[in-house]
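Below are the chains, spelled out letter by letter.
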Amino acid sequence: MLGDAWLWAAVEWSPSAYADFYASDGFDTPTTVALLVVALLKAELLWLILRAPAPGPLDPREKALRRLLYLAVAYTLVLWYPIALLPYVVDAAFRLALWTAIYILYLLVIRWRSPMLRATAGATFAVVLAGTAGELLDGLDLLELGSDDIVGLGLVLGGVAATILTVVGQQRDGRWSRGTLAAGWLSVGFYALVIPLNVLIESTSSDIPAMPVMINAVGLVSIVWIAATARELPAEGSPANLPPARRRVIRVAVTAVAVLPVIALIPPEQTPRLTYTGWSTDCYDRPRFGDLKPAERDAAFLCRARSTQSGIPPMFPDSLTDQEILAYGRALCRTRDRDQQKAILTRAGSARPAWGADLWDLVYVCPEIVGATHPELLRSTKESEAANTAYIAEENAKCRDPWPRTKGVVQATANYFLFVDGDPGYLVHDPEDEAADEAAEQAMGKLYDDRTLIEVGGSAVLIGHVEDVVDLCLTVKAFRTAPPQRTAGWDQVDEVPIVSRSGRLTVPEMGEGEVGAGAPMPNLAIAGKGRYRLRVYVRVADAGEEHLVVVFPGASRKRLQLKP
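Note that the coordinates shown come from a computational prediction; the quantities given were computed from them, not determined experimentally.

Caption draft 1: Broad picture of the sheet that holds strand β4 (residues 460-463). An order of β2-β4-β3 is seen for the three strands of this open sheet, with the pairing classed as antiparallel. Since the sheet does not close on itself, it has two edges, and those belong to β2 (426-429) and β3 (454-456), each with one partner. Sheet twist, expressed as the mean angle between neighbouring strand axes with direction ignored, is 20°. Across three bridges, β3 lies against β4 in antiparallel orientation. Looking at β4, one finds that Glu455 is bridged to Leu462.

Caption draft 2: Fine view of the pattern of salt bridges. Within this structure, the stated rule accounts for 15 salt bridges. The residue Glu62 makes a salt bridge to Arg175 at a minimum N-O spacing of 2.8 Å. Placement of Glu62 in helix α4 (residues 60-84) and of Arg175 in the loop between α7 (148-173) and α8 (178-203) is noted, with a sequence separation of 113 residues between them. Assessed through its relative accessible area of 9%, Glu62 is described here as buried. Residue Glu395 pairs with Lys398 through a salt bridge whose shortest N-O separation is 3.1 Å.

Caption draft 3: Spatial organisation of the nonpolar core. Among the nonpolar cores identified, the biggest contains 42 residues, and Ile49, Leu65, Ile102 and Tyr106 are the most heavily contacted of them. Within the residue set of this core, elements represented by two or more residues are α3 (29-49), α4, α5 (88-109), α6 (115-139), α7, α8 and α10 (220-231). Counting residues per element, this core draws most heavily on α5, which supplies eight residues. Filtering out sequence-adjacent residues up to four positions away, Ile49 remains in contact with Val73, Leu77, Leu220, Ile223, Val224 and Ala227. In this structure, Ala412, Val428, Ile498 and Leu505 belong to the second largest nonpolar core, which totals 31 residues.

Caption draft 4: Broad picture of the sheet that holds strand β7 (residues 516-517). Strands sit in the order β7-β1-β5-β9-β8-β6-β10 across an open sheet of seven strands; the sheet is mixed. In the strand order of this sheet, the two ends are held by β7 and β10 (560-563), each with one partner. Inspection of the sheet shows strand β6 (residues 492-500) paired to strand β8 (residues 530-541) by nine bridges, in the antiparallel sense. The residue of β8 that forms the bridge with Val499 is Arg531. Of the strands in this sheet, β1 (410-417) and β5 (471-478) touch helix α17 (residues 381-397), which is tilted by about 120° from β1.

Caption draft 5: Structural context of α4. The first and last C-alpha atoms of α4 sit only 31 Å apart over 25 residues, clearly below the 36 Å expected at 1.5 Å per residue. Remark: the principal bend of α4, roughly 70°, maps to Val78, with a proline, Pro82, within the next four residues. Within α4 the residues assigned to the buried category are Glu62, Leu65, Arg66, Leu68, Leu69, Ala72, Val73, Tyr75, Leu77, Val78 and Ile83. At the N-terminal boundary of α4, the capping side chain belongs to Asp59, with an oxygen 3.1 Å from the backbone nitrogen of Arg61.

Caption draft 6: Molecular detail of the environment of Val409. Take Val409: it is sitting in the loop between α17 and β1. For Val409, a relative accessible area of 42% translates into the label partly exposed. As a C-alpha pair, Val409 and Ile526 span 117 residues in sequence and 7.8 Å in three-dimensional space. For Val409, the residues in contact, after removing those within four places along its chain, are Ala478, Phe479, Arg480 and Ile526.

Caption draft 7: Spatial organisation of the environment of Leu79. Secondary-structure assignment places Leu79 in helix α4. The exposure class of Leu79 is partly exposed, given its relative accessible area of 30%. Aside from chain neighbours lying at most four places away, what touches Leu79 is Leu71 and Ala74.

Caption draft 8: Just α6, in detail. With 25 residues, α6 extends 36 Å between its outermost C-alpha atoms, agreeing within 8% with the 36 Å of an ideal straight helix rising 1.5 Å per residue. All buried positions along α6 are accounted for by Leu117, Ala121, Gly122, Thr124, Phe125, Val128, Leu129, Gly131, Thr132, Gly134, Glu135 and Leu136. At the C-terminal side of α6, Asp141 shows a positive phi close to 60°.

Caption draft 9: Seen up close, the side chain of Asn396. The topology assignment puts Asn396 in helix α17. The class for Asn396 is buried, based on a relative accessible area of 14%. Within the local environment of Asn396, its side chain forms a polar contact with the backbone nitrogen of Asn415, the two atoms lying 2.8 Å apart. Beyond its immediate chain neighbours, meaning those up to four positions away, Asn396 contacts Ala414, Asn415, Gly518 and Ala519.

Caption draft 10: The arrangement of the packing of aromatic side chains in detail. For the coordinates displayed, the defined rule picks out eleven aromatic pairs. Between Phe289 and Tyr364 the ring centres are 6.3 Å apart and the planes differ by 55°, which places this aromatic pair in the tilted class. In this pair, Phe289 is assigned in the loop between α11 (244-264) and α12 (294-306) and Tyr364 in the loop between α15 (359-362) and α16 (367-373), connecting sequence segments 75 residues apart. Judged by its relative accessible area of 7%, Phe289 is buried. Here Tyr391 and Phe417 contribute two aromatic rings whose centre-to-centre distance is 6.0 Å and whose plane-to-plane angle is 45°, an arrangement assigned as tilted. Of the two residues, Tyr391 sits in helix α17 while Phe417 sits in strand β1, which places them 26 residues apart along the sequence. Taking relative accessible area as the criterion, Tyr391 reaches 38% and is therefore assigned partly exposed. Judged by relative accessible area, Phe417 falls into the buried class, the value being 6%.

Conventions and cut-offs
- Residues numbered from 1 in each chain as written.
- Predicted model: local features only at pLDDT ≥ 70, side-chain atom pairs only at ≥ 80, totals over all residues.
- Heavy atoms only, no water.
- Pairing = 2+ DSSP bridges.
- Helix = DSSP H or I, 4+ residues; strand = E, 2+ residues; numbered from the N terminus.
- Axes fitted to C-alpha atoms, helices over the stretch in contact; angles between N-to-C directions.
- Salt bridge = Lys/Arg side-chain N within 4 Å of Asp/Glu carboxyl O.
- Buried < 20%, exposed > 50% of the residue type's maximum accessible area, 1.4 Å probe, protein only.
- Core = buried A, V, L, I, M, F, W, Y, C linked by side-chain atoms within 4.5 Å.
- Contact = heavy atoms within 4.5 Å.
- Expected span 1.5 Å × (residues − 1).
- Bend = angle between axes of the 7 residues up to and from the residue.
- Polar contact = N/O pair within 3.5 Å; in protein donor to acceptor, adjacent residues only side chain to side chain.
- Phe/Tyr/Trp six-rings, centres within 6.5 Å; stacked < 30°, edge-to-face > 60°.

This is the structure:
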């Protein structure tokens, strides 16, 4: 009922920010169920951990060991988080000092009843401590004992061996109950499963599968064993148990010490929730509104609101919570002009208030408002592609062949789409020429320098447009010989040379871009490699600008103005 962040903090005993890291889109059903089951399991294990210590006399060594073991329990449950906020070497040094003292006291306090067993345990403890010391030295850039994978594997195997020997020593000692010994053997089994299960987890694609949650809970059995080891340290013949009232006070105090730090990890409501930041990988994709489920649209807006792609400052600062940004976004939807948007963005602390907000961003938080005037922004990718295909077909249908009775060997008629902000024109070129880009740039430069309609760059001819248009009707035809000039009815007719080095001459098609012909264009170099003549007819009528491009073989390199 309180949300994924509270569920995570209550069950995993870690900050809710970890939940955002592992499952930015929210928990799936298996993970939610696993967390609820784990909550019951961890509650039972926590009760075993927090049981009051058994009363009885302890010598100084046993008292020190009990305190250190409880410190190890506290570290695993809650202290790991504040220590993790410090440099890594601090954590490594703390663990090395703690377990060095615990292992030494294990050798002194446990009645091993075998010098060989005690020596073997000491050697195993030394191997484990050497691995921890290696982590510390590596963090200090002093010495690297081996690769991280090798050192990690050595620590796991050494930990398994150390646990086995310690449980055997406890069994020979006789002070510890069967339950404590069982917890020790169960912790050995847990270590044995860590390596294969981690490999399985890393091979899955889910952000936070249910399996790691269960592993984290089962891993508490080793903490149960450590706590039970500390609790049952008193020797035989201990005095009677403490009064019930005093035991209840101790349990409440221990529970408060363990649980209150966990509660403190849960941020207050006013703390910024950064579901998405400008660097979130999911924000690099820009799904269309119609492709998203209703529950995903707010996150899509948060992506855009905090995006810093291409060095552009974000619409809102990260100091604002998700809820505040969504509220500001819906307020922007209700504005009437850029000035009102600027006022809202300024109040929100935006780094770009003068830019306002774009409708294709706001549609995710107020589709009912944006969609009323721009229904195309509500479409899915499939719907947009279908609408675009229909639009191109409609525009192509408006164009007619100006020479319907003069058939070329190959020909095509289509609408040629130009950039909305202005485009110098379109190319007739050899796309497979190694110098195709250089030829196109050469033709482009001449067009701007000479301010003419047509310019030639070897295997590329750049044809400009007369009117300030975003599209024009284009017909291309290829002939084996020069057709009649037939300049009547045209505003301008020019003829220029062009060469095909690969045996191809064509006009760029629209494809996935914003410019190009709206239909497939044929290969106009019908005679293969060689020189051709290219004649361009241009006229402007009420229906728009119309071009006819005629190509035929010809060796002449002259430029002709058949109708200036």
